[in-house]
Amino acid sequence: MNEPDLNLLIALDVLLAEESVAGAARRLGLSASAMSRTLSRLRATTGDPLLVRAGRIMVLTPYAQEIRQRAQNASFEARALLRPSSADFNIARLERTFLIRSNDGFVVAFGAAMIAAAASAAPDVCLRFMPKPEKTSSALREGRVDLEIGVPGDMGPEIRLQTLFRDRFMGVVRKDHPLALRQISAEDYVSFGHVVVSRRNNTYGPVDDALAEVGLKRKIAAVVPGFSAALAIAQHSDLVALIPASFLIAGSDPLYAFELPVKTREITISQMWHPRSEVDPAHRWLRQLALSVCRERVKNAGYC
């Protein structure tokens with residue numbers, strides 16, 4: 001009896017999830033040519049083209065769409081079976097890359113501490129931080145990430161959540177700014193232009209609601225995709241940046257941070273994961289690592 005090559009199962013899952021040979025190659029750490037050869041083998045094994053060209057993109061065949069969820073479930077089950085049981089688990093011998101989706105603010109504030117803590121306990125573990133362009137559970141459901149960190153969106157009832165810390169927004173200006181080292185009123189706050197962070201060009205937020213309640217409105221002079229860019233602009237201009245307090249844990253010597261002159265709601269930062277990872281000992285270790293590092297850094301910094 002000719003047994004199928006079960007190594008193809010992982011490749012099949014990734015190809016169907018990415019719907020791209022190039023994307024699957026990047027995710028598996030293979031060359032594009034090697035991934036193309038794997039696709040050819042999968043086509044021969046399944047008797048179906050699986051991915052076909054439609055203009056400039058590749059699309060799944062009806063059969064590929066039909067087996068997509070089954071391939072994902074089988075891949076996860078195979079990985080779980082081949083990982084050490086809790087009784088045999090030894091973090092010092094763990095060789096694994098964890099994919100963590102978060103915004104740049106979290107990576108700046110907590111990334112270095114998490115990496116150092118992971119390296120101390122598990123030298124062969126790699127933490128791969130990935131951007132978070134939207135608040136959905138698709139990356140967790142499809143197994144494209146192990147952990148998501150941030151403000152929960154519409155994640156769905158099955159996604160597990162754990163609060164890491166509470167955060168709030170603060171104003172930031174350069175240290176020789178006219179607003180620095182003084183009591184700042186709401187009128188002072190809106191008398192300067194503002195640089196805001198938005199990945200979806202949404203410039204209106206809770207601080208604008210609070211300003212509107214006292215009859216004021218701020219002028220948005222610039223919109224940038226990340227907090228690091230906002231701080232860089234504030235450092236070299238008269239613009240005021242709006243930054244999560246946790247972002248300042250990493251230090252901002254050339255800048256002056258101040259409490260907002262209006263009341264805004266607190267932000268809850270959580271870590272999120274799919275139920276399939278609930279009892280995985282390595283994943284439990286990762287979640288505990290994130291929780292310990294975040295709470296210790298927040299407590300020591302005193303910002304949040």
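From a predicted model like this one, the values you see are computed outputs, not experimental measurements.

**Quick look at the nonpolar core**
Counting 29 residues, the largest nonpolar core has Phe98, Phe110, Met114, Leu127, Phe165, Trp285 and Leu286 as the members making the most contacts within it. Ranked by residues supplied to this core, first place goes to helix H10 (residues 281-301) with nine residues. Setting aside chain neighbours within four positions, we find phenylalanine 110 in contact with Phe165, Ser246, Ile249, Val293, Cys294, Arg297 and Val298.

**Quick notes on the sheet that holds strand S5 (residues 147-150)**
On the basis of which strands lie adjacent, the open sheet formed by five strands has the order S4-S3-S5-S12-S6 and mixed pairing. Two strands bound the open sheet, and with one partner strand each, they are strand S4 (125-130) and strand S6 (160-167). Neighbour to neighbour, the strand axes of the sheet diverge by 20 degrees on average, direction disregarded. Examined bridge by bridge, strand S3 (residues 96-101) and S5 share two bridges and lie parallel to one another. When the bridges of S5 are listed, isoleucine 100 appears paired with leucine 147. Contacts between helix H5 (residues 104-121) and the sheet are confined to S3, S4, S5 and S6, with S4 contributing the most and set at about 170 degrees to the helix. Strand contacts of H10: S3, S4, S5, S6 and strand S12 (267-273), with the helix running at about 15 degrees to S6, the strand carrying the most contacts.

**Quick notes on H10**
Taking 1.5 Å of rise per residue, the 21 residues of H10 would be expected to cover 30 Å, and the 30 Å separating its terminal C-alpha atoms lies within 8% of that figure. Here the buried face of H10 lies against S3, H5, S4, S5, S6 and S12.

**Re the sheet that holds strand S11 (residues 255-258)**
If you walk across this open sheet you meet the five strands as S9-S8-S10-S7-S11, and the pairing is mixed. The strands lining the two open edges of the sheet, one partner per strand, are strand S9 (219-224) and S11. The mean inter-strand angle of the sheet, taken between neighbouring strand axes irrespective of direction, is 35 degrees. Two strands pair when backbone bridges link them, and strand S7 (residues 169-174) and strand S10 (residues 240-244) are joined in this way by four bridges, in the antiparallel orientation. Looking at S10, one finds that glycine 171 is bridged to leucine 242. The strands that helix H9 (residues 227-235) touches are S7, strand S8 (193-197), S9, S10 and S11; relative to S10, the one it contacts most, it runs at about 145 degrees.

**Quick notes on the layout of surface pockets**
Empty space within the largest pocket amounts to approximately 1,200 Å³. Along its surface, the largest pocket is lined by 46 residues, and Lys135, Val151, Phe169, Val197 and Phe227 are the ones closest to its centre. Contributing elements (two or more residues each) for the lining of the largest pocket: H5, S4, S5, S6, S8, helix H8 (206-213), S10 and S12. The element contributing the most residues to the lining of the largest pocket is H5, with five residues.

**A word on the packing of aromatic side chains**
Following the criterion strictly, the structure yields six aromatic pairs and no others. Pairing phenylalanine 98 with tryptophan 285 gives two aromatic rings, centres 6.2 Å apart and planes at 40 degrees, and the pair type is tilted. Here phenylalanine 98, found in strand S3, pairs with tryptophan 285, found in helix H10; they are 187 residues apart in sequence, far enough to count as distant. Like tryptophan 285, phenylalanine 98 is buried. Ring centres 5.8 Å apart and planes at 55 degrees place the aromatic pair phenylalanine 227 and phenylalanine 247 in the tilted group. With phenylalanine 227 in helix H9 and phenylalanine 247 in the loop between S10 and S11, this pair connects stretches of sequence that are 20 residues apart. With respect to class, phenylalanine 227 is no different from phenylalanine 247; both count as buried.

**Some remarks on the pairing of S9**
Where S8 lies against S9, five bridges are found, and the strand directions are parallel. When the sheet's bridge partners are listed, histidine 194 is paired in S9 with isoleucine 220.

**Focus: the side chain of threonine 38**
Looking at the secondary structure, you find threonine 38 in helix H3 (residues 32-46). Threonine 38 has contacts with Leu8 and Ala11, leaving out every residue within four places of it along the chain.

**Some words on the environment of alanine 122**
Note that alanine 122 resides in the loop between H5 and S4. Residue classification places alanine 122 among the buried residues on the basis of a relative accessible area of 0%. C-alpha separation for the pair alanine 122 and leucine 12, spaced 110 residues apart in sequence, amounts to 30 Å. Beyond its immediate sequence surroundings of up to four residues, alanine 122 is in contact with Ile91 and Trp285.

Here is what the cut-offs are and how they apply
- Residues numbered from 1 in each chain as written.
- Predicted model: local features only at pLDDT ≥ 70, side-chain atom pairs only at ≥ 80, totals over all residues.
- Heavy atoms only, no water.
- Core = buried A, V, L, I, M, F, W, Y, C linked by side-chain atoms within 4.5 Å.
- Buried < 20%, exposed > 50% of the residue type's maximum accessible area, 1.4 Å probe, protein only.
- Helix = DSSP H or I, 4+ residues; strand = E, 2+ residues; numbered from the N terminus.
- Contact = heavy atoms within 4.5 Å.
- Pairing = 2+ DSSP bridges.
- Axes fitted to C-alpha atoms, helices over the stretch in contact; angles between N-to-C directions.
- Expected span 1.5 Å × (residues − 1).
- 1 Å grid on protein atoms, 1.4 Å probe; cavity = no way out; pocket = protein on both sides within 12 Å on 5 of 7 lines; lining within 4 Å.
- Points joined across faces, edges and corners; volume = space filled by probe spheres on them.
- Phe/Tyr/Trp six-rings, centres within 6.5 Å; stacked < 30°, edge-to-face > 60°.

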